[in-house]
Amino acid sequence: MSHTRRHFLATSAAAAGIVTLLPFAAHAAAHSGDTFDTDAGPITVHPVDHASIVLETPAGVIYVDPVGEPAQYSEFPAADLILITHEHGDHYNADTLAALAGDDVQIITNPAVFDMLPEALAAKASKIANGENTEFNGLPINAIPAYNTTEERKKFHPVGRDNGYILGFDGFRVYISGDTEDTPEMRELTNISLAFVCMNLPFTMDSNAAASAVSEFKPTYVYPYHFRGKDGGTQDPEAFAKRVGTDVEVKFGDWYGS
């Protein structure tokens with residue numbers, strides 16, 4: 001066990017958090033990752049930027065929604081699996097994907113992105129729709145619906161198009177929300193060990209809705225991510241953490257740089 005400093009890195013200054021003792025999470029030195037010791041083996045989380053995540057896992061290295069400059073990923077191991085939640089530019093970029101997709105990589109996307117892939121990337125890809133399952137190196141992967149429920153936001157993420165994902169490691173289930181509001185499907189999740197939950201306006205939900213959902217499905221750990229919005233829609237992860245309460249351990253990643 002080790003001590004971890006909870007923090008929210010804002011644009012202008014780093015706000016100090018509190019020190020907590022984690023039951024089975026240790027702060028990894030490399031790339032500021034957090035390592036979780038699980039029955040399947042260690043899983044290390046590397047926040048990259050906004051919605052982009054690198055996971056070093058027993059099933060292989062998993063990139064989630066990699067966008068931006070390929071150089072941002074140069075210090076990480078090459079991807080074995082790339083997961084794409086949906087087509088928006090902060091989640092899918094064909095040029096970035098082409099630069100990061102090695103010869104042996106597998107790509108899993110929602111159907112809408114699959115239909116957009118250039119031929120060379122499509123040859124490495126498969127698609128799963130909401131409610132469908134697949135697997136990678138023995139790792140079960142479930143596609144969870146990700147969509148807006150507020151009327152004026154439905155144009156951003158319509159029902160049935162976009163995916164969240166559950167990665168079913170032995171004894172340690174990881175939920176990646178993608179872009180969504182606090183849907184019934186999210187609130188009904190069970191046995192989630194680690195969650196990544198979005199929050200920004202006007203595109204997804206505010207921190208109140210995110211905290212309410214997390215308090216209901218109660219993952220062991222949760223990372224607030226994807227929390228910069230526009231026109232005042234950026235959400236404060238510290239406020240989210242206060243609303244979640246003490247039943248869930250809130251983890252803070254350096255998504256936007258110090």
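Model, not experiment: these values are computed from the prediction. (Residues numbered from 1 in each chain as written. Predicted model: local features only at pLDDT ≥ 70, side-chain atom pairs only at ≥ 80, totals over all residues. Heavy atoms only, no water.)

### Here we look at the environment of threonine 96
Condition: Note on conventions: DSSP H or I runs of at least 4 residues are helices, E runs of at least 2 residues are strands, and numbering of each starts at the N terminus. In this description, contact between two residues means that some pair of their heavy atoms is separated by no more than 4.5 Å. Polar contacts, as counted here, are pairs of nitrogen or oxygen atoms within 3.5 Å of one another; within protein the pair requires one atom able to donate a hydrogen and one able to accept it, and residues that are adjacent in sequence qualify only if both atoms are side-chain atoms.
Assignment of secondary structure puts threonine 96 in helix α1 (residues 94-100). Considered as a pair, threonine 96 and glutamate 69 are 27 residues apart in the sequence and their alpha carbons are 6.7 Å apart. When near neighbours in sequence (up to four residues on either side) are disregarded, threonine 96 contacts Pro66, Val67 and Gly68. A polar atom in the side chain of threonine 96 sits 2.8 Å from the backbone oxygen of glycine 68.

### Comments concerning the side chain of asparagine 110
Condition: Only protein chains enter the accessibility calculation, which uses a 1.4 Å probe; a residue whose area is less than 20% of its type maximum is buried, one above 50% is exposed, and one in between is partly exposed.
Note on placement: asparagine 110 falls in the loop between β9 (106-109) and α2 (111-114). Its relative accessible area of 0% is what places asparagine 110 among the buried residues. A polar contact of 2.9 Å, which involves the side chain of asparagine 110, links it to the backbone oxygen of arginine 161. Filtering out sequence-adjacent residues up to four positions away, asparagine 110 remains in contact with Ile84, Thr85, His86, Lys127, Ile128, Arg161, Asp162, Asn163 and Tyr165.

### What about the sheet that holds strand β11 (residues 133-136)?
Quick note on the threshold: Being paired, for any two strands, means DSSP has found at least two bridges between them. Angles here are taken between N-to-C directions and fall from 0 to 180 degrees, while the axes themselves are lines fitted to C-alpha atoms, restricted in helices to the stretch in contact.
Ordered in space as β11-β12-β13-β14-β15-β16-β17, the seven strands form an open sheet in which the pairing is mixed. Looking at the sheet topology across the chains shown, the edges are occupied by β11 and β17 (249-250). The sheet contact formed by strand β14 (residues 172-176) and strand β15 (residues 194-198) spans three bridges and is parallel. The partner of tyrosine 175 across the bridge, within β15, is alanine 195. Its contacts with the sheet place helix α5 (residues 207-217) against β14, β15 and β16 (221-225), and it is angled at close to 160° to β15.

### Here we look at the confidence of the model for the protein
Counted only if it meets this: The pLDDT value expresses, per residue, how confident the predictor is, ranging between 0 and 100.
Chain-level statistics for the protein give a pLDDT mean of 88 and a share of 87% at 70 or above. Overall, residues 1-30 carries pLDDT values under 50, and its contacts beyond four positions in sequence, including any with other chains, amount to 73 contacts.

### Focus on unusual backbone geometry
Cis rather than trans, the peptide bond between leucine 201 and proline 202 has omega equal to 10°. You can see proline 202 is positioned in the loop between β15 and α5. The residue lysine 218 is not glycine, and still its phi comes out positive at about 50°. For lysine 218, the location among the structural elements is in the loop between α5 and β16.

### Re the nonpolar core
Heads up, the rule is: As used in this record, nonpolar core signifies buried Ala, Val, Leu, Ile, Met, Phe, Trp, Tyr and Cys residues forming a set joined through side-chain atoms within 4.5 Å.
Counting residues in each nonpolar core, the largest one holds 55 residues, and the members touching the most others are Leu83, Ile141, Leu167 and Phe196. At six residues, α5 tops the list of elements feeding residues into this core. The residues touching leucine 83, leaving out its near neighbours within four places in the chain, are Ile62, Tyr63, Val64, Asp65, Pro66, Ile108, Ile141, Tyr165, Leu167 and Ile176. Formed by 19 residues, the second largest nonpolar core is a distinct cluster that contains Ile82, Tyr92, Val105 and Ile107.

### Digging into α5
Three or more residues of α5 are buried, namely Ser207, Ala209, Ala210, Ala211, Ala213, Val214 and Phe217. Of the residues flanking the start of α5, the one acting as N-cap is aspartate 206, its side-chain oxygen 3.1 Å from the backbone nitrogen of asparagine 208.

### Describing helix α6 (residues 237-244)
This is how the line gets drawn: Of all possible arcs, the one meant is that of the directions from the helix axis to the C-beta atoms.
Three or more residues of α6 are buried, namely Pro237, Glu238, Phe240, Ala241 and Val244. For α6, the arc enclosing every buried residue in end-on projection is 155°, short of the 170-degree limit, so these residues lie on one face. Its side-chain oxygen at 2.9 Å from the backbone nitrogen of glutamate 238, aspartate 236 defines the N-terminal cap of α6. Looking one or two residues beyond α6, the residue adopting positive phi is glycine 245, at roughly 90°.

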